[in-house]
Amino acid sequence: KDIEFIRSYYYNKLELTRFSSSVGKYVGFTEYGVRNAEYWNNNPSILSNMKAQKEVYCLNHVQIDYNNML
């Protein structure tokens, strides 16, 4: 429950767009980022792919990383 997958898109050290698994959609922070977020949020295949990334990257590896830290 405490795991969150975040993918951010930057240009010149400015965050344009971010996908957060806790929000479940893209959020734009600039005019260009808002347009991209709107497009990606309205595309079911892109959105479902990003929602699945939490399971692919986080849930399958969290126990391994946790055990290595201990």
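Residues numbered from 1 in each chain as written. Predicted model: local features only at pLDDT ≥ 70, side-chain atom pairs only at ≥ 80, totals over all residues. Heavy atoms only, no water.

Draft legend 1. Expanded view of the overall build of the protein. The helix and strand inventory of the protein stands at 3 helices and 3 strands. When its helices and strands are written in sequence order, the protein yields β-β-β-α-α-α. Dimensions of the protein, computed from the C-alpha atoms along their principal axes, are close to 45 × 30 × 15 Å. For the protein, the residues scored as buried account for 24% of the 70 residues in total. (Helix = DSSP H or I, 4+ residues; strand = E, 2+ residues; numbered from the N terminus. Buried < 20%, exposed > 50% of the residue type's maximum accessible area, 1.4 Å probe, protein only.)

Draft legend 2. Local environment of the environment of Ile6. Assignment of secondary structure puts Ile6 in strand β1 (residues 6-11). Ile6 sits 47 residues away from Gln53 along the chain, and the two C-alpha atoms are 9.3 Å apart. Non-local contacts of Ile6, meaning those with residues more than four positions away in its chain, are made with Arg18, Phe19 and Ser20. (Contact = heavy atoms within 4.5 Å.)

Draft legend 3. Looking closely at the pattern of salt bridges. Throughout the structure, instances matching the rule amount to 1 salt bridge. Notably, a salt bridge pairs Arg18 with Glu15, separated by 2.8 Å at the nearest N-O pair. For Glu15, a relative accessible area of 14% puts it in the buried group. (Salt bridge = Lys/Arg side-chain N within 4 Å of Asp/Glu carboxyl O.)

Draft legend 4. Up close: the nonpolar core. Among the nonpolar cores identified, the biggest contains 8 residues, and these are Phe5, Phe19, Tyr26, Ala37, Trp40, Leu47, Met50 and Cys58. Mapped by element, the contributors of at least two residues to this core are α1 (31-41) and α2 (44-59). It is α2 that contributes the most residues to this core, 3 residues altogether. (Core = buried A, V, L, I, M, F, W, Y, C linked by side-chain atoms within 4.5 Å.)

Draft legend 5. Structural context of the confidence of the model for the protein. Model confidence for the protein is summarised by a mean pLDDT of 88, while 93% of its residues fall at 70 or above. Mean pLDDT values for the elements of the protein range from 69 in helix α3 (residues 62-69) up to 97 in α1. (pLDDT = per-residue confidence, 0-100.)

Draft legend 6. A look at the pairing of strand β3 (residues 25-28). Here strand β2 (residues 14-20) pairs with β3 via 4 bridges, running antiparallel. Within β3, the position partnered with Thr17 by the bridge is Gly28. Count of turn residues in the β2/β3 antiparallel hairpin: 4 residues, of which Gly24 carries a positive phi of about 85°. (Pairing = 2+ DSSP bridges.)

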